[in-house]
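Descriptive structure summary
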Amino acid sequence: QVQLMESGGGSVQAGETLRLSCVVSVNVNVYCMGWFRQAPGKEREGVSTISPDGSTYYADSVKGRFTISKDSAKNTHYLQMNSLKPEDTATYFCAARFGRCPTLAPVPVQFTHWGQGTQVTVSS
């Protein structure tokens, strides 16, 4: 059974930093790992992915501010979120799929395993 558990969300002010973690029950070096976010009334959007080979994707809205990484020994991946903005407010979900990450911007249907989400709230 593939299990994912996010943590690290919270309520911060604009400009501050959060680091999200996702502990997974699979080898992060054979699965694509990703982060999605969903705000009320909006679609779930891909934020970042990291592939088994270490290649990464970032949405334009977070590029330069967010960094995805992984620790294979702990089967954990992270999303370092710097310079947070109110528009980053959302529920953040970690997700996984076997094999390589999508070559284009990720969409939810491409991922088979999901965590329950962690709330990130950024106040202006």
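I will try to describe carefully the structure that is included in this document. (Residues numbered from 1 in each chain as written. Predicted model: local features only at pLDDT ≥ 70, side-chain atom pairs only at ≥ 80, totals over all residues. Heavy atoms only, no water.)

1. Concerning the overall build of the protein
Helix and strand counts for the protein stand at 0 helices and 11 strands. The order of α-helices and β-strands along the protein, N terminus first, is β-β-β-β-β-β-β-β-β-β-β. Rg of the C-alpha trace for the protein: 13 Å, near the compact-globule value of 14 Å for 124 residues, within the 12% margin. Taking all 124 residues of the protein together, 43% fall into the buried category. Split by element, the accessible area of the protein, about 6,400 Å² in all, is 47% carbon and sulfur. Once the 11 positive and 9 negative side-chain charges of the protein are each reduced to a mean point, those two points are 4 Å apart. (Helix = DSSP H or I, 4+ residues; strand = E, 2+ residues; numbered from the N terminus. Rg over C-alpha atoms; globule rule 2.2 N^0.38 Å. Buried < 20%, exposed > 50% of the residue type's maximum accessible area, 1.4 Å probe, protein only. Areas by Shrake-Rupley, 256 points an atom, 1.4 Å probe, with all protein chains shown as cover. Lys, Arg positive; Asp, Glu negative; His and termini not counted. Charge placed at Lys NZ, Arg CZ, Asp CG, Glu CD.)

2. Section: the side chain of Thr76
Note on placement: Thr76 falls in strand E8 (residues 76-81). Looking at Thr76, its side chain comes within polar contact range of the main-chain oxygen of Lys74, at 2.9 Å. Leave out the neighbours within four places in its chain, and Thr76 touches Ser21, Cys22, Val23, Val28, Lys70 and Asp71. (Polar contact = N/O pair within 3.5 Å; in protein donor to acceptor, adjacent residues only side chain to side chain. Contact = heavy atoms within 4.5 Å.)

3. What to know about the packing of aromatic side chains
This structure, assessed with the given rule, holds 5 aromatic pairs. Pairing Phe36 with Trp114 gives two aromatic rings, centres 5.0 Å apart and planes at 55 degrees, and the pair type is tilted. Placement of Phe36 in strand E4 (residues 31-38) and of Trp114 in strand E10 (residues 113-114) is noted, with a sequence separation of 78 residues between them. You can call Trp114 partly exposed: its relative accessible area is 24%. For the ring pair Phe111 and Trp114, a centre distance of 6.4 Å and an interplane angle of 65 degrees mean the geometry is edge-to-face. One aromatic cluster in this structure is built from Phe36, Phe93, Phe111 and Trp114. In this structure, Arg44 is placed above the aromatic ring of Phe93, and the distance from its NZ or CZ to the ring centre is 3.7 Å. Its end group placed over the ring of Trp114, Arg44 keeps NZ or CZ at 4.9 Å from the ring centre. (Phe/Tyr/Trp six-rings, centres within 6.5 Å; stacked < 30°, edge-to-face > 60°. Lys NZ or Arg CZ within 6 Å of the ring centre and 35° of its normal.)

4. Digging into the pattern of salt bridges
Within this structure, the stated rule accounts for 3 salt bridges. Here Arg37 and Asp88 are joined by a salt bridge, their closest N and O atoms 2.9 Å apart. Of this pair, Arg37 sits in strand E4 while Asp88 sits in the loop between E8 and strand E9 (90-98), and the two are 51 residues apart along the sequence. Note on accessibility: Arg37 and Asp88 belong to one class, buried. Note that Asp88 and Arg65 form a salt bridge whose closest N and O atoms lie 2.7 Å from each other. Here Asp88 is found in the loop between E8 and E9, whereas its partner Arg65 is found in the loop between strand E6 (56-58) and strand E7 (66-71), with 23 residues between them in sequence. Neither residue differs from the other here; Asp88 and Arg65 are each classed as buried. When salt bridges that share partners are traced, they join Arg37, Glu45, Arg65 and Asp88 into one network. (Salt bridge = Lys/Arg side-chain N within 4 Å of Asp/Glu carboxyl O.)

5. Considerations on the environment of Lys42
Of note, Lys42 is situated in the loop between E4 and strand E5 (45-50). Spatially, the C-alpha atom of Lys42 lies 9.6 Å from that of Ala90, the residues being 48 residues apart in sequence.

Function cannot be read off these values alone, since they describe shape.
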